[in-house]
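For reference, the chains in residue letters:
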Amino acid sequence: MTQNISSNVNKLYIIKIAKWFMLTMPILMLFYKDMGFTDKQSFQLKAFYSIAIVIFEIPSGYVADVLGRRKTLIIGSILGCLGFLVYATTSGFYYFMLAELILGVGQSFISGADSALLYDTLKSTNKENEYIKYEGRNFTVGNYSEALAGILGGTLAAINMRLPFILQTGIAFMAVPAAIMLIEPPLNSNRKKPGLKDILDVVWYAMVKNRNLRWNLIYSSILGTATLTMAWVYQLYLYDLKFSEITIGTTHSVLNLIVGTTTLFAYKIEKRLKPQSTIWLTSIIITGTFVILGFVSSSWIFLILAIFYFSRGIATPVLKDYINRITSSDIRATVLSIRSLLIRAMFAIIAPLFGYLSDNYTRSQALIIIGAVFTILIGSSIFLFLNSLKQQSLHKSV
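Because the structure is predicted, anything quoted here is derived from the model rather than measured.

Observations concerning the overall build of the protein chain
1) Next: Scanning the protein chain from N- to C-terminus turns up 19 helices and 0 strands.
2) Next: Taking 21 Å as the expected radius of gyration for a compact globule of 398 residues, we find that the protein chain reaches 20 Å, a close match to that expectation.
3) Next: Overall size of the protein chain, expressed as C-alpha extent along the three principal axes, is 55 × 45 × 35 Å.
4) Next: For the protein chain, with 398 residues in total, the buried portion stands at 58%.
5) Next: Across the protein chain, the fraction of contacts at a sequence separation of at least 24, relative to all contacts at a separation of at least 6, is 85%.
6) Next: Only carbon and sulfur atoms are counted for the fraction: they give 66% of the accessible area of the protein chain, which is about 16200 Å².
7) Next: If the 35 positive side-chain charges of the protein chain are averaged to one point and the 20 negative ones to another, these points end up 5 Å apart.

So, in structure tokens, the structure goes:
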């Protein structure tokens, strides 16, 4: 039975590949421009995707805790395939809005449930202390997939902008059989009856009652919003510098190779630097990059982005591990979904703001303003977050 449960890890890798082999990611903003959309409209579509996640994130996380991670991942995988099918076969702002809605709901069903199932799989085999290593490998698989997809997606877009979306539909379908073959860890066999009160109780516990968990979630979500924003912004930045679709796709690939490689060693880097130094270093780099790009308009952007994505590769698995350490198994998927909800809620505000600034001012001014916003948000939470880590460490040592 233990051996069968261990097979979940490889199946989750397949789901990660299907989710992250994104042919459309490096050229989506260029596709929107090809369709005649303004920056504001483009970022409104991505904001709508985030709003869909905000609405369904916590309910889907709770469904994962109540009905099982496996069933939730099956639903999310099917919706992910349908969303790209809409993109591949339709045109127009409102059709794409529908596609983003379907993709957002699908993402909400996968987000949190995959990490929770991985952690509980490891826990059922007494390997939960190795979570950072396995989550790092999981992200490496995803980032390497996205890296390969970047080159292919840029090449396909140079031929026809619609081609990446057609092939993406088939790739997304790979997750469906993989999700069906997952095995639910016995840790989650005792289910509660679903109810709104239970969801609200978990939210209250995570965001109000448990102070350490609250600041873990807030800080992690701010940093996550910054990295998500950069993923869409730098495409337009390179477009302004007259780089081709193939070059932008290749850049996307290289950056994801950096993230994928870094996540493999994130747990070692965090141990070497210690938590406080790790947090300060990644925070300064990630927020500072937005401001720096506002003053740089040359090929130096490639080095700057490389450093940014290196920091992202460290921060993502490390911050998730901090949350998992202080979260019990029965609410883990819901808590991780709260993190994702916070990220998407903030992005739903930041994205249209950046689009508005970019259309009405210069791209550089928009980057500097958004960078200042992230600096303020990080600065207002980092000390409370670091104090929560200190409290966690003291509690563990007692």
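And the narrative resumes.
Structural notes on the environment of L384
1) Next: Residue position: L384 is located in helix α19 (residues 382-397).
2) Next: For L384 and I338, which are 46 residues apart along the polypeptide, the C-alpha to C-alpha distance reads 19 Å.
3) Next: In contact with L384, other than residues within four places in its own chain, are R211 and W215.

Re the nonpolar core
1) Next: Formed by 80 residues in total, the largest nonpolar core has its most connected members in F31, Y32, Y87 and I279.
2) Next: Every residue in contact with Y32, bar those within four places of it in the chain, is listed here: F37, S42, L45, K46, Y87, F96 and E100.
3) Next: Core analysis: the next-biggest nonpolar cluster, separate from the first, contains 22 residues, V9, Y13, I74 and L118 among them.

Concerning a nonpolar patch on the surface
1) Next: The grouping of I51, I55, F56, L98 and L101 at the surface amounts to a nonpolar patch, some 400 Å² of accessible area in total.
2) Next: Of all elements in the fold, only α4 (39-67) and α6 (93-110) reach the threshold of two or more residues within the nonpolar patch.
3) Next: By secondary structure assignment, the location of L101 is in helix α6.
4) Next: Residue L101 is classed as partly exposed on the basis of its relative accessible area, which comes to 31%.

Some thoughts on helix α13 (residues 245-264)
1) Next: The terminal C-alpha atoms of α13 lie 29 Å apart, and with 20 residues this matches the ideal 28 Å at 1.5 Å per residue to within 8%.
2) Next: Considered for burial, the residues of α13 that qualify are I248, G249, T251, H252, S253, L255, N256, V259, G260, T262 and T263.

Details of the packing of helix α12 (residues 211-240) against helix α17 (residues 332-360)
1) Next: Closest axis-to-axis distance for the α12/α17 pair is 8 Å, and the angle between their directions is 45 degrees. The pairing of α12 with α17 is recorded here as oblique in orientation. Judged by the twist between their axes, the crossing of α12 over α17 is right-handed. Only V335, I338, R339, L342, I343, R344, M346, F347, I350 and F354 of α17 make contact with α12, whose side of the interface consists of L213, L217, S220, S221, I222, G224, T225, L228, T229, W232 and V233.
2) Next: Each residue belonging to the contact of α12 with α17 can be placed in one class, and the counts come to 14 nonpolar, 5 polar and 2 charged.

Examining the side chain of T24
1) Next: Relative to the helices and strands, T24 resides in the loop between α2 (8-20) and α3 (28-34).
2) Next: Leave out the neighbours within four places in its chain, and T24 touches F84, P164, F165 and Q168.

Describing the packing of aromatic side chains
1) Next: Within the structure shown, the criterion is met by 18 aromatic pairs.
2) Next: Both rings, one in F31 and one in Y32, keep their centres 6.3 Å apart while their planes meet at 45 degrees; by these two values the pair is tilted.
3) Next: With a centroid separation of 5.4 Å and an interplanar angle of 75 degrees, the aromatic rings of F243 and F302 are classed as edge-to-face. Here F243, found in the loop between α12 and α13, pairs with F302, found in helix α16 (residues 301-325); they are 59 residues apart in sequence, far enough to count as distant.
4) Next: The exposure class of F243 is partly exposed, given its relative accessible area of 24%.
5) Next: Judged by its relative accessible area of 27%, F302 falls in the partly exposed class.
6) Next: Counting every residue linked through ring pairs, the aromatic cluster contains F31, Y32, F37, Y87, F93, Y94, F96 and F165.
7) Next: Its guanidinium or amino end placed over the ring of Y49, K46 lies 4.7 Å from that ring's centre, counting from NZ or CZ.

Description of the packing of α12 against helix α15 (residues 275-295)
1) Next: In contact at an axis separation of 11 Å, α12 and α15 are set at 35 degrees when each is read in the N-to-C sense. Judged by the twist between their axes, the crossing of α12 over α15 is left-handed. Across the interface between the two elements, Y219, L223, A226, T227, T229, M230 and Y237 from α12 touch I279, T282, S283, I286, T289, F290 and L293 from α15.
2) Next: When grouped by side-chain class, the residues that make up the contact of α12 with α15 number 9 nonpolar, 5 polar and no charged.

A closer look at the pattern of salt bridges
1) Next: In total, this model carries 8 salt bridges according to the counting rule given.
2) Next: For D39, the salt bridge goes to R363, with nearest N and O atoms at 2.6 Å. A residue pair is termed long-range when its members are at least 10 positions apart, and D39 in helix α4 and R363 in helix α18 (residues 363-379) qualify at 324 residues. Both residues of the pair, D39 and R363, belong to the buried class.
3) Next: R363 serves as the salt-bridge partner of D240, at 2.7 Å between the closest nitrogen and oxygen. Here the residue D240 occupies a position in helix α12, and R363 occupies one in helix α18, the gap between them amounting to 123 residues.

Considerations on the environment of L45
1) Next: Positionally, L45 belongs in helix α4.
2) Next: In this structure the C-alpha to C-alpha distance between L45 and F93, which are 48 residues apart in sequence, comes to 8.1 Å.
3) Next: Setting aside chain neighbours within four positions, we find L45 in contact with Y32, F37, F93, F96, M97 and E100.

Rules used in this analysis
- Residues numbered from 1 in each chain as written.
- Predicted model: local features only at pLDDT ≥ 70, side-chain atom pairs only at ≥ 80, totals over all residues.
- Heavy atoms only, no water.
- Helix = DSSP H or I, 4+ residues; strand = E, 2+ residues; numbered from the N terminus.
- Rg over C-alpha atoms; globule rule 2.2 N^0.38 Å.
- Buried < 20%, exposed > 50% of the residue type's maximum accessible area, 1.4 Å probe, protein only.
- Contact = heavy atoms within 4.5 Å.
- Areas by Shrake-Rupley, 256 points an atom, 1.4 Å probe, with all protein chains shown as cover.
- Lys, Arg positive; Asp, Glu negative; His and termini not counted.
- Charge placed at Lys NZ, Arg CZ, Asp CG, Glu CD.
- Core = buried A, V, L, I, M, F, W, Y, C linked by side-chain atoms within 4.5 Å.
- Patch = residues over 30% accessible without salt bridge, like charges linked within 9 Å, V, L, I, M, F, W, Y side chains within 5 Å.
- Salt bridge = Lys/Arg side-chain N within 4 Å of Asp/Glu carboxyl O.
- Expected span 1.5 Å × (residues − 1).
- Axes fitted to C-alpha atoms, helices over the stretch in contact; angles between N-to-C directions.
- Parallel < 35°, antiparallel > 145°, perpendicular 65-115°, else oblique.
- Left-handed = near helix turned anticlockwise from the far one by under 90°.
- Nonpolar A, V, L, I, M, F, W, Y, C, P; charged D, E, K, R; others polar.
- Phe/Tyr/Trp six-rings, centres within 6.5 Å; stacked < 30°, edge-to-face > 60°.
- Lys NZ or Arg CZ within 6 Å of the ring centre and 35° of its normal.

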